[in-house]
Amino acid sequence: GSVVKPMGTSAYYKYVQNRDLALCVLNRILELDGVESRGLTGNFNFGLGTPTEYPTFLVEGLFVSSMPDEELLLDEDFRQKMAKKIVQGLQDYISDVREDD
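Bear in mind the structure is a predicted one, so any value in this text is a computation, not a measurement.

What counts as what
Residues numbered from 1 in each chain as written. Predicted model: local features only at pLDDT ≥ 70, side-chain atom pairs only at ≥ 80, totals over all residues. Heavy atoms only, no water. Core = buried A, V, L, I, M, F, W, Y, C linked by side-chain atoms within 4.5 Å. Buried < 20%, exposed > 50% of the residue type's maximum accessible area, 1.4 Å probe, protein only. Helix = DSSP H or I, 4+ residues; strand = E, 2+ residues; numbered from the N terminus. Contact = heavy atoms within 4.5 Å. Salt bridge = Lys/Arg side-chain N within 4 Å of Asp/Glu carboxyl O. Expected span 1.5 Å × (residues − 1). Polar contact = N/O pair within 3.5 Å; in protein donor to acceptor, adjacent residues only side chain to side chain. Pairing = 2+ DSSP bridges. Axes fitted to C-alpha atoms, helices over the stretch in contact; angles between N-to-C directions.

Engineer: So what's going on with the nonpolar core? Which residues, and what values?
Structural biologist: Counting 15 residues, the largest nonpolar core has Ile29, Leu32, Val35, Phe78 and Met82 as its most contacted members. Put simply, the parts of the chain that give this core at least two residues each are helix 1 (19-29) and helix 3 (76-100). Residue contributions to this core peak at six residues, all from helix 1. Non-local contacts of Ile29, meaning those with residues more than four positions away in its chain, are made with Thr9, Val35, Val59, Met82, Lys85 and Ile86.

Spelled out as structure tokens, the structure:
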């Protein structure tokens, strides 16, 4: 991609049972101004995706190889907002799981 275009954020999961978790976090991050979606990718092979009793996912926040993304990442207030969106996504997922019980 071009260094002058936003590259956005994406979420990855290896096992289908972790899809909803990754999606909850991705959806919350996309609420931030200036953040574009690079999508949700399943069956992604990454080290943290090994079988475990806990759900796992990977989120790529933004890209420092993109000037607009880097500008956002350099802003401490924005980083705090992104962290809060990740927490909100986790809370959304936990709430959804509890409702299913």
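Engineer: Can you tell me about the pattern of salt bridges, naming the residues and giving the values?
Structural biologist: Applying the stated criterion to the full structure yields four salt bridges. A salt bridge links Asp92 to Arg28; the nearest nitrogen and oxygen atoms lie 2.6 Å apart. Remark: Arg28 occurs in helix 1 and Asp92 occurs in helix 3; sequence separation between them is 64 residues. Two residues, Lys85 and Glu31, come together in a salt bridge whose shortest N-O distance is 2.6 Å. Taken as a pair, Lys85 in helix 3 and Glu31 in the loop between helix 1 and strand 2 (37-41) lie far apart in primary sequence, 54 residues in all. Each member of the salt-bridge network shares a partner with another, and the members are Arg28, Glu31, Lys85 and Asp92.

Engineer: Report on helix 3, specifying residues and quantitative values.
Structural biologist: With 25 residues, helix 3 ought to run about 36 Å at 1.5 Å a step, and its terminal C-alpha atoms sit 37 Å apart, in line with that. By the burial criterion, the buried members of helix 3 are Phe78, Met82, Lys85, Gly89 and Tyr93. Here the buried face of helix 3 lies against helix 1 and helix 2 (67-73). The N-terminus of helix 3 is capped by Asp75, whose side-chain oxygen sits 2.9 Å from the backbone nitrogen of Asp77.

Engineer: Outline helix 1, supporting the account with residue identities and numerical values.
Structural biologist: Residues of helix 1 that are buried: Leu21, Ala22, Cys24, Val25, Leu26 and Ile29. Of the surrounding secondary structure, the elements contacted by the buried residues of helix 1 are strand 1 (9-12), strand 2, strand 3 (58-60) and helix 3.

Engineer: Describe the sheet that holds strand 3, with residues and values.
Structural biologist: Taken in spatial order, the three strands line up as 2-1-3 in an open sheet, and their pairing is mixed. Bordering the open sheet on either side are strand 2 and strand 3, each of which pairs with just one other strand. Recorded for the sheet is a direction-independent mean angle of 10° between the axes of neighbouring strands. Pairing analysis gives three bridges linking strand 1 to strand 3, with the strands arranged antiparallel. Across the sheet, residue Ala11 finds its bridge partner in strand 3, namely Val59. Seen against the sheet, helix 1 touches strand 1, strand 2 and strand 3 and runs at an angle of roughly 170° to strand 1.

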